[in-house]
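# What the coordinates show
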Amino acid sequence: MKFGNVRAANVVLLGALSKGLDKLSEEAWLEAVKISVKPKFIDLNIKAFKTGREI
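Residues numbered from 1 in each chain as written. Predicted model: local features only at pLDDT ≥ 70, side-chain atom pairs only at ≥ 80, totals over all residues. Heavy atoms only, no water.

Labelled according to an unreviewed UniProt entry, the protein appears under the name Indolepyruvate oxidoreductase subunit beta, originating from Sedimentisphaera cyanobacteriorum.

Printed below as a string of structure tokens:
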């Protein structure tokens, strides 16, 4: 809810999970997020992903 979109929770979880899967760089994860969401939601999802990485 912090991001104003409940669906962003999935990307927060993805960010947290990505830290344990160190075979891919953070940049690779971010690129995957960018190509997986609608352009108007990219910034929201990048913020959600980075929040998850900080957990």
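A few words on helix H1 (residues 8-18). For H1, the complete set of buried residues consists of Ala8, Val11, Val12, Gly15 and Ser18. When H1 is viewed along its axis, its buried side chains cluster within an angular range of 125° and face the same direction. Among the exposed residues of H1, those pointing more than 90 degrees away from its buried face are Asn10 and Leu13. Structurally, H1 contributes buried residues whose contacts are with helix H2 (26-36) and helix H3 (42-54). (Buried < 20%, exposed > 50% of the residue type's maximum accessible area, 1.4 Å probe, protein only. Helix = DSSP H or I, 4+ residues; strand = E, 2+ residues; numbered from the N terminus. Arc of directions from axis to C-beta. Contact = heavy atoms within 4.5 Å.)

Following the criterion strictly, the structure yields one salt bridge and no others. Residue Arg53 pairs with Glu26 through a salt bridge whose shortest N-O separation is 3.8 Å. With a gap of 27 residues between them, Arg53 in helix H3 and Glu26 in helix H2 connect regions that are remote in the sequence. Here Glu26 falls in the partly exposed class, since its relative accessible area comes to 27%. (Salt bridge = Lys/Arg side-chain N within 4 Å of Asp/Glu carboxyl O.)

In the contact formed by H2 and H3, the axes pass within 10 Å of each other and the chain directions differ by 145°. Seen from above, H2 lies across H3 with right-handed handedness. Only Ile42, Asn45, Ile46, Phe49, Lys50 and Arg53 of H3 make contact with H2, whose side of the interface consists of Glu26, Trp29, Leu30, Val33 and Lys34. Broken down by class, the residue content of the contact of H2 with H3 amounts to six nonpolar, one polar and four charged. (Axes fitted to C-alpha atoms, helices over the stretch in contact; angles between N-to-C directions. Left-handed = near helix turned anticlockwise from the far one by under 90°. Nonpolar A, V, L, I, M, F, W, Y, C, P; charged D, E, K, R; others polar.)

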